[in-house]
Amino acid sequence: MSIKVCAAELRKIAQDKDIAVAQDEIDSILKIMQDKIDRRGGVYGDSELGELIQEAKDLAQRARIEAAIQKRNRLINARAYATVMTALRQEPNDPGKALSAILVGDARRGLYSVDAKQRSVFLDHSGALVAELKRNDLLDIFRSNELDEKIYQEMFDGLGASGSKEAQQIAEAIKKVQKRLLDRKNRNGSNIGELENYVVRQHHDPLLIRGKGTEEDKQEWITFVSENMDIEKTLANKPDDMTEIEFLGSMYDNLVSGNHMKADGVGGVGGAQPEFKGPMNLAKRLSAQRIIHFKDGKSALSYANKYSRMKLSEAVYQGISHDAQAIGLLETFGTNPKAMFEKILSEVRPKGVAKPIKEGRLKNQFAELDGTTRALGATQPILNTSVTYAGIAAGFRMVQSMAKLGFATISSFSDIATKASFINANTERNIFGSYATALRDTFRLFNSEEQKELAYLLSVGVENELADVHARFGANDSGPGMISKAHQLYFKLNGMQWWNSTQKVGVARLLAADLANYSSKPYGKIPAETRRLLSLYNINEAEWSLFRGMDMKAADGRKYLVPDIADEIPVEKIDPLIAERTGQLDVTDKMRQQFRDDLRTKISAYYSDSADVAIPTPGARERAIMNQGLPRGTVAGEAIRMIMQLKGFPITYVTKGLGRQKAMSGYYGIAKMMVGTTMMGYLSVTLKDILKGKEPMEVFSDDYTLNKDLLFKAFTQGGGAGIYGDFIFGEFNRYGQGPLETLAGPSFGTAADVLKIFGKFRSGDDAAAETVRLAMRNIPGANLFYAKLALDYLFMYELTEFANPGYFKRMERRMKKDTGQEFYFPPSQYVR
């Protein structure tokens with residue numbers, strides 16, 4: 001059968017089925033058909049006519065669907081472009097600041113940024129999942145991963161397939177969250193079908209997939225996938241000019257690059273979203289369709305065990321995180337966020353504005369939002385091993401953290417001051433009431449099941465579940481598996497998980513209780529401070545009126561306005577508001593759900609972002625400063641992460657602490673906060689001295705003047721001068737580092753110590769004392785605040801004295817001369 005007959009049949013099918021196919025699309029379909037005919041010797045037999053006609057029909061139908069999707073996406077993109085440009089035109093003299101506010105938030109221009117949206121979507125949905133599992137006594141089982149195989153079976157092969165009631169309930173809870181996120185992505189430009197045989201967004205560890213980086217490792221991955229995949233579904237979008245091996249090989253190349261970790265396009269791996277130009281392009285959209293479909297739950301689990309470091313629970317949370325990242329970008333910049341961002345940036349670039357556009361800063365911020373800085377970059381395996389420079393560097397930083405942050409909880413007393421300052425600036429409480437609230441939360445135990453569930457629903461308590469505390473202090477590293485687990489355990493042992501959770505839950509609970517108490521009042525009658533903060537998250541008078549009359553009583557008997565309330569608002573309340581905003585009288589269910597999702601995210605952002613300000617936690621703005629837009633694995637990327645290690649607090653103290661205090665309370669608010677952090681710094685300095693066996697420094701000198709050395713120490717310890725104060729005053733910073741470590745990071749400081757020791761060895765000098773001190777300073781866990789004193793007297797002091805005889809007598813004399821302090825039990829009396 002000739003191609004002319006195919007063309008005639010195709011046109012007839014299009015006409016009979018009322019399929020609108022443009023001439024160029026027909027030409028592309030015919031080209032595909034001609035290629036197939038040519039590969040079969042130039043003609044089709046009569047028995048194969050039906051197959052060819054059906055394939056042509058399917059391609060034409062797919063072309064029409066794709067064209068409809070593109071039309072919808074053009075409308076979405078036009079709306080996103082108009083919204084962003086309207087915001088930028090409101091500040092014609094400084095559009096760069098306005099664009100930065102859209103990306104990462106600004107206390108003067110608005111805080112409902114892409115960053116806040118991404119984080120709140122993640123915490124809200126993770127919290128909802130954890131709360132439901134906790135409510136049904138399933139959280140510990142899910143966390144233990146003991147039912148992973150059965151949960152995979154439930155989610156892949158159908159509910160009830162495993163015969164385990166617990167596995168079925170967990171699978172249902174996960175599917176509910178996944179479905180909600182999927183629907184939200186589809187409403188914003190994606191076109192992802194709901195798969196029955198789907199467990200979780202598959203995690204692909206580039207290091208494990210790459211192996212030693214040899215061709216044999218690549219072939220091993222391809223063979224494993226071939227044996228475990230659903231061939232028909234996985235190869236459904238394979239281009240005709242590619243073999244199966246070539247197609248899987250292209251998947252491999254993409255996965256080992258780490259690009260799959262980015263979320264800068266609709267449904268695409270690595271953000272590839274080519275413009276639709278007909279079925280030929282549709283058939284070759286490799287990046288957007290490179291999805292491995294496994295043949296059953298057992299095969300999916302086998303892949304996860306072999307090529308992922310993640311258990312199911314971790315993979316579920318990461319999947320939610322990736323979806324939240326995509327949603328934040330899609331809802332702001334349309335279906336191709338990177339392209340839209342570049343377009344907008346080019347249009348606000350012209351000269352003539354009062355302030356030049358800082359493109360580098362904006363691009364660094366976007367790199368944090370789309371995952372560029374978390375991709376592996378140019379990293380390569382080392383000497384044909386599965387180890388990479390990125391893995392080594394991340395592991396080394398984690399070891400340094402575990403060796404340096406034993407007193408982090410004691411050093412974090414200044415959080416009480418930043419928290420009190422936030423409460424004072426954003427609620428009707430005075431400064432004394434704010435400190436009373438902050439201190440009360442420190443001693444309050446949120447231990448009841450109802451209180452824990454409330455914390456999860458407020459989008460803050462789930463951080464403790466996810467062990468995300470270390471992100472406060474430096475790069476949010478993805479280190480080697482065992483070291484990463486040890487890192488998480490360490491932050492439990494040093495108390496930081498408890499401290500962060502207690503302080504952040506206290507902030508969110510306070511704000512939620514306030515909103516519930518105010519909900520019966522008109523918008524104009526609630527305190528001005530609360531109104532201002534609500535407006536920064538785009539919660540206005542119209543939306544405030546929706547909360548009136550809603551039941552807000554929680555399980556503990558108190559009233560709280562939680563994000564879930566958006567799902568309970570009656571349609572007769574929200575329909576008029578949707579109609580007014582859209583100009584459409586016929587309000588659809590999709591429009592209602594979009595409105596509910598947006599309102600829910602605003603409330604969640606109000607709590608989670610406020611908690612991150614009150615207890616200074618780096619966001620995308622701070623990470624952009626710390627990472628400079630550089631991906632992991634590159635020389636520059638790893639160097640900047642080393643330098644910025646443990647700088648998260650001082651940077652965030654300036655950007656979120658001092659910056660927002662200035663915006664909301666002026667210089668008076670800054671002064672109050674710095675006085676408070678200095679007072680808390682004094683408590684930290686004093687308690688740390690006591691825990692190290694030293695007498696506290698005297699507040700007043702012998703002539704009854706204020707001890708300036710103690711004042712400087714308290715000022716820097718509390719964060720008042722941040723990193724620059726540490727260097728200027730020549731003191732150790734809040735993590736026990738010297739000037740070199742403070743400026744270059746503890747990792748470079750350790751490297752410098754190693755070089756000094758090496759130099760002594762080369763010159764023939766005795767390096768034993770330096771070696772012992774270096775070893776003791778870098779033993780993970782040896783500096784935990786509640787164990788350090790015992791370890792010092794039982795072991796460490798003896799070893800130090802052995803390596804450097806007379807060290808403690810000299811040290812005690814120097815300490816007495818410099819600070820006037822003495823040990824309660826002088827080490828020199830207990831060493832031989």
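Peer 1: Report on the overall build of the chain, specifying residues and quantitative values.
Peer 2: The helix and strand tally for the chain stands at 40 helices and zero strands. Burial statistics for the chain: of 832 residues in total, 55% are counted as buried. Sequence-distant contacts, at least 24 apart, represent 73% of the contacts inside the chain between residues at least 6 apart. As displayed, the chain offers around 36,900 Å² of accessible surface, 56% of which is attributable to carbon and sulfur atoms.

Peer 1: For a positive patch on the surface, give the residues involved together with the corresponding values.
Peer 2: Side chains of K809, R810, R813 and R814 sit close together on the surface and give a patch of like positive charge. Within the element layout of this structure, R814 appears in helix α40 (residues 807-819).

Peer 1: Before we move on, could you go through the packing of aromatic side chains and cite the residues and values that matter?
Peer 2: When we look at a pair of aromatic rings, we describe it by the centre distance and by the angle of the planes. Taken as a whole and judged by the stated rule, the model has 22 aromatic pairs. Consider the rings of F142 and Y317, whose centres lie 6.1 Å apart with planes at 80 degrees: the pair is edge-to-face. Within this pair, whereas F142 is found in helix α6 (residues 139-144), its partner Y317 is found in helix α16 (residues 312-333), the two being separated by 175 residues in sequence. Overall, F142 belongs to the buried group, its relative accessible area being 1%. Residue class for Y317 comes out buried when judged on its relative accessible area of 10%.

Peer 1: Explain helix α4 (residues 95-104) to me, and be specific about the residues and the numbers.
Peer 2: In terms of burial, α4 is largely enclosed, as nine of its ten residues are buried. Residues P95, G96, A98, L99, S100, A101, I102, L103 and V104 constitute the buried set of α4. Remark: G105 follows α4 within two positions and exhibits a positive phi of approximately 90 degrees.

Peer 1: Lay out helix α31 (residues 620-627) with the relevant residues and their values.
Peer 2: Among the residues making up α31, those that are buried are A620, E622, A624, M626 and N627. At its buried positions, α31 is contacted by α4, α5 (114-135), α18 (359-369), α32 (635-643) and α33 (648-691). Two residues or fewer past α31, Q628 is found with a positive phi of approximately 55 degrees.

Peer 1: I'd like to hear about the pattern of salt bridges, residue by residue, with values.
Peer 2: Scanning the model with the defined rule gives 31 salt bridges in all. A salt bridge links R429 to D514, with the shortest nitrogen-to-oxygen separation between them at 2.9 Å. Pair noted here: R429 is in the loop between α21 (414-426) and α22 (431-443) and D514 is in helix α26 (residues 496-518), with a separation of 85 residues, a long-range link. Owing to a relative accessible area of 24%, R429 belongs among the partly exposed residues under this scheme. In this structure D514 comes out as buried when scored by relative accessible area, which is 8%.

Peer 1: Quick one: what's the story with the packing of helix α8 (residues 165-187) against helix α30 (residues 589-614), residue by residue and with numbers?
Peer 2: Running from N to C, α8 and α30 cross one another at 110 degrees; their axes reach a closest spacing of 11 Å. As summarised for this structure, α8 and α30 are arranged roughly perpendicular, according to the angle between their axes. When you trace α8 past α30, the crossing you get is left-handed. Across the interface between the two elements, R180, R184 and R187 from α8 touch K590, Q593, Q594, D597, D598, R600 and T601 from α30. Split into classes, the residues belonging to the contact of α8 with α30 amount to no nonpolar, three polar and seven charged.

Peer 1: Residues and numbers for the environment of A513, please.
Peer 2: Examined against the element boundaries, A513 turns out to sit in helix α26. On a C-alpha basis, the gap between A513 and V562 in space is 9.1 Å, while along the polypeptide they are 49 residues apart.

Peer 1: So what about the side chain of N73? Which residues, and what values?
Peer 2: Summarising the element assignment, N73 is placed in helix α3 (residues 49-89). On the basis of relative accessibility, which here comes to 9%, the residue N73 falls in the buried class. Discounting chain neighbours no more than four positions away, the residues touching N73 are G189 and T335.

Peer 1: For a negative patch on the surface, give the residues involved together with the corresponding values.
Peer 2: On the surface, E695, E698, D702 and D703 cluster together to form a negatively charged patch. Its relative accessible area of 79% is what places D702 among the exposed residues.

Peer 1: Let's hear about unusual backbone geometry: which residues, and what values?
Peer 2: Located in the positive-phi region is N145, a residue other than glycine, with phi close to 65 degrees. Topologically, N145 is positioned in the loop between α6 and α7 (148-157).

Peer 1: So what about the packing of α33 against helix α34 (residues 708-717)? Which residues, and what values?
Peer 2: Interaxial distance between α33 and α34 falls to 7 Å at its minimum, and their mutual angle equals 105 degrees. When the interaxial angle is binned, α33 and α34 end up roughly perpendicular. Counted together, M674, T677, T678, G681, Y682, S684, V685 and K688 of α33 and L710, L711, K713, A714, F715 and Q717 of α34 form the full contact between these two elements. Residue composition of the contact of α33 with α34, grouped by class: seven nonpolar, five polar and two charged.

Peer 1: Any details on the environment of A438? Residues and values, ideally.
Peer 2: Residue position: A438 is located in helix α22. Residue classification places A438 among the buried positions, given a relative accessible area of 0%. Along the primary structure A438 and I416 are separated by 22 residues, whereas in three dimensions their C-alpha atoms are 5.8 Å apart. The contact partners of A438, leaving out residues within four places of it in the chain, are I416, K419, A420 and Q503.

Peer 1: I'd love a proper account of the confidence of the model for the chain, names of residues and values included.
Peer 2: Looking at the chain as a whole, its pLDDT mean stands at 79, while 78% of the residues score no less than 70. Within the chain, the element-level pLDDT minimum falls on helix α13 (residues 279-283), averaging 32, and the maximum on helix α27 (residues 528-536), averaging 94. In the model, residues 265-290 has pLDDT below 50 throughout and makes 64 contacts with residues more than four positions away in sequence or in other chains.

Peer 1: Report on the environment of A614, specifying residues and quantitative values.
Peer 2: The topology assignment puts A614 in helix α30. Placed 176 residues apart in sequence, A614 and A438 show a C-alpha to C-alpha distance of 10.0 Å. A614 has contacts with D415, T418, K419, F422 and V507, leaving out every residue within four places of it along the chain.

Reading the values: the criteria
- Residues numbered from 1 in each chain as written.
- Predicted model: local features only at pLDDT ≥ 70, side-chain atom pairs only at ≥ 80, totals over all residues.
- Heavy atoms only, no water.
- Helix = DSSP H or I, 4+ residues; strand = E, 2+ residues; numbered from the N terminus.
- Buried < 20%, exposed > 50% of the residue type's maximum accessible area, 1.4 Å probe, protein only.
- Contact = heavy atoms within 4.5 Å.
- Areas by Shrake-Rupley, 256 points an atom, 1.4 Å probe, with all protein chains shown as cover.
- Patch = residues over 30% accessible without salt bridge, like charges linked within 9 Å, V, L, I, M, F, W, Y side chains within 5 Å.
- Salt bridge = Lys/Arg side-chain N within 4 Å of Asp/Glu carboxyl O.
- Lys, Arg positive; Asp, Glu negative; His and termini not counted.
- Charge placed at Lys NZ, Arg CZ, Asp CG, Glu CD.
- Phe/Tyr/Trp six-rings, centres within 6.5 Å; stacked < 30°, edge-to-face > 60°.
- Axes fitted to C-alpha atoms, helices over the stretch in contact; angles between N-to-C directions.
- Parallel < 35°, antiparallel > 145°, perpendicular 65-115°, else oblique.
- Left-handed = near helix turned anticlockwise from the far one by under 90°.
- Nonpolar A, V, L, I, M, F, W, Y, C, P; charged D, E, K, R; others polar.
- pLDDT = per-residue confidence, 0-100.

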